[in-house]
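Residues per chain, in single letters:
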Amino acid sequence: MGKTIIMDHPLIRHKIGIIRRKETSVKEFRELISEIAMLECFEATRDLPLEKVRVETPMGGTTVECLAGKKLAVIPILRAGLGMVQGMQTLIPSARIGHIGLYRDEKTLEPVEYFCKLPADIGERGIFVVDPMLATGGSACEAISLLKKYGCRDISFLCIIAAPEGLARLKAEHPDVNIIVGALDEGLNDQGYILPGLGDAGDRIFGTK
Ligand code: PRP
Ligand code: URA
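Residues numbered from 1 in each chain as written. Chains lettered and ligands numbered in written order. Predicted model: local features only at pLDDT ≥ 70, side-chain atom pairs only at ≥ 80, totals over all residues. Heavy atoms only, no water.

## Side note on the site of ligand 2
At step 1: Residues in close proximity to ligand 2 include R104, M133, A135, G192, Y193, I194, G199, D200 and A201, which together make up its full environment.
At step 2: A distance of 2.8 Å is found between an oxygen atom of ligand 2 and a backbone nitrogen or oxygen belonging to I194.
At step 3: Backbone polar atom of A201 to an oxygen atom of ligand 2: 2.8 Å apart, as the coordinates give it.
At step 4: Protein chains shield 88% of the accessible area of ligand 2, which is 240 Å² for the free molecule.
At step 5: Taken together, the residues of the shell around ligand 2 break down into five nonpolar, two polar and two charged. (Near = heavy atom within 4 Å. Polar contact = N/O pair within 3.5 Å; in protein donor to acceptor, adjacent residues only side chain to side chain. Areas by Shrake-Rupley, 256 points an atom, 1.4 Å probe, with all protein chains shown as cover. Nonpolar A, V, L, I, M, F, W, Y, C, P; charged D, E, K, R; others polar.)

Structure, rendered in structure tokens:
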């Protein structure tokens, strides 16, 4: 059974407060998405295995703990997930990066796949799927189903803002997946946008509107 964590930290609350504002610039939006991803990554990696290693300090010998070398991969859902990659890499620099391209059909809100490029040994890796927005949950569920077809079993999903509808769907369809949420919002509007949300994350990261 995966765990669900709603981040409850003043730094994250503050930063999400800034990215919600419509006057926040593309530059600041992008920087903050990356910083929030890094803070969420800290929580998402809490259970990584450690091993004991003997070292010499200037004062003598001791035993320290090192990451046990579990192979990891970060999988952004294009486009907006790309904004979270740098923050993740800051904390787990040796993680491989795979890409899954999905866009939501504007009418049906169903995800449409247009790209998939994953590390060859993806099934052996601990996976962190990243996407700032979990709205209906269709895109996250589709990406995770795809990764499971490639043999992935140890999967965490990190988003910055979630709607209760999307969170419930993701938990129901993929109960084994760990979910890390920056903020849980009120719901969705008729077009499937999160309220109060922050608008279209991809457009705000890449300045396309
Ligand atoms: C956004 C967002 C998620 C998806 C969430 O992507 O980045 O991938 O919508 O919505 P859902 O939970 O209802 O599936 P979008 O389809 O707008 O594509 P983009 O990132 O290329 O702008
Ligand atoms: N995708 C976004 O970028 N924003 C939303 O509010 C919902 C889906």
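## What about the pairing of strand β4 (residues 72–78)?
At step 1: Extensive coverage of β4 is indicated by the burial of seven of its seven residues.
At step 2: Relative to strand β8 (residues 126–130), β4 is paired through five bridges, and the arrangement is parallel. Directly across from L72, in β8, lies its bridge partner G126.
At step 3: You can see the chain leave β4, run along helix α3 (residues 85–91) and come back into strand β5 (residues 96–97), and the turn it takes is right-handed.
At step 4: Here β4 pairs with strand β6 (residues 99–104) via two bridges, running parallel. Its bridge partner being in β6, L78 is matched across the sheet by G101. (Buried < 20%, exposed > 50% of the residue type's maximum accessible area, 1.4 Å probe, protein only. Helix = DSSP H or I, 4+ residues; strand = E, 2+ residues; numbered from the N terminus. Pairing = 2+ DSSP bridges. Right-handed = clockwise from strand over helix to strand, strands pointing away.)

## Some points on a nonpolar patch on the surface
At step 1: A contiguous nonpolar surface patch, about 320 Å² in accessible area, is contributed by Y103, Y114 and F115.
At step 2: On the secondary structure map, Y114 appears in strand β7 (residues 111–117).
At step 3: With a relative accessible area of 43%, Y114 lands in the partly exposed category. (Patch = residues over 30% accessible without salt bridge, like charges linked within 9 Å, V, L, I, M, F, W, Y side chains within 5 Å. Salt bridge = Lys/Arg side-chain N within 4 Å of Asp/Glu carboxyl O.)

## What to know about the side chain of H174
At step 1: Considering the arrangement of structural elements, one finds H174 in the loop between α5 (164–173) and β11 (178–184).
At step 2: Accessibility expressed as a relative area gives 5% for H174, which makes it buried.
At step 3: Only 2.8 Å separates the side chain of H174 from the side chain of K148, close enough to count as a polar contact.
At step 4: Beyond its immediate stretch of four places on either side in the chain, H174 contacts C141, I144, S145 and K148. (Contact = heavy atoms within 4.5 Å.)

## Digging into the site of ligand 1
At step 1: In the region of ligand 1, 15 residues are neighbours, and R104, D131, T136, G137 and S139 sit closest.
At step 2: A distance of 2.9 Å is found between an oxygen atom of ligand 1 and a backbone nitrogen or oxygen belonging to A135.
At step 3: Here an oxygen atom of ligand 1 and a backbone polar atom of G137 are 2.8 Å apart.
At step 4: When isolated, ligand 1 has an accessible area of 500 Å², and the protein chains bury 90% of it.
At step 5: Here ligand 1 occupies the largest pocket.
At step 6: Grouping the amino acids of the shell around ligand 1 by side-chain chemistry returns six nonpolar, five polar and four charged. (1 Å grid on protein atoms, 1.4 Å probe; cavity = no way out; pocket = protein on both sides within 12 Å on 5 of 7 lines; lining within 4 Å. Sits in = over half its atoms within 2 Å of the grid points.)

## Some details on the nonpolar core
At step 1: Formed by 35 residues in total, the largest nonpolar core has its most connected members in I19, M88, I92, L158 and I160.
At step 2: For this core, the elements supplying multiple residues, two or more each, are α1 (10–20), α2 (26–44), β4, β8, β10 (155–162), β11 and α6 (201–206).
At step 3: Take this core: its biggest share by element is seven residues, from α2.
At step 4: Leaving out residues up to four positions away in the same chain, I92 has contacts with C41, T45, L72, V74 and F128. (Core = buried A, V, L, I, M, F, W, Y, C linked by side-chain atoms within 4.5 Å.)

## Structural notes on the layout of surface pockets
At step 1: In this structure, the largest pocket spans a volume of roughly 790 Å³.
At step 2: Looking at the largest pocket, it is lined by 32 residues, and the ones nearest its centre are Y103, R104, Y193, D200 and A201.
At step 3: Counting residues per element, the ones that place at least two in the lining of the largest pocket are β4, β6, β9 (133–134), α4 (138–149), β13 (194–195) and α6.
At step 4: Its residues placed into classes, the lining of the largest pocket shows 17 nonpolar, nine polar and six charged. (Points joined across faces, edges and corners; volume = space filled by probe spheres on them.)

## Brief notes about the environment of L50
At step 1: Inspection of the secondary structure assignment puts L50 in strand β2 (residues 50–57).
At step 2: Separated by 18 residues in the primary sequence, L50 and A68 have C-alpha atoms spaced 4.7 Å apart.
At step 3: Discounting residues that sit within four places of it in the chain, L50 has contacts with E65, C66, L67 and A68.

Don't take any of this as a statement about function, it's just geometry.
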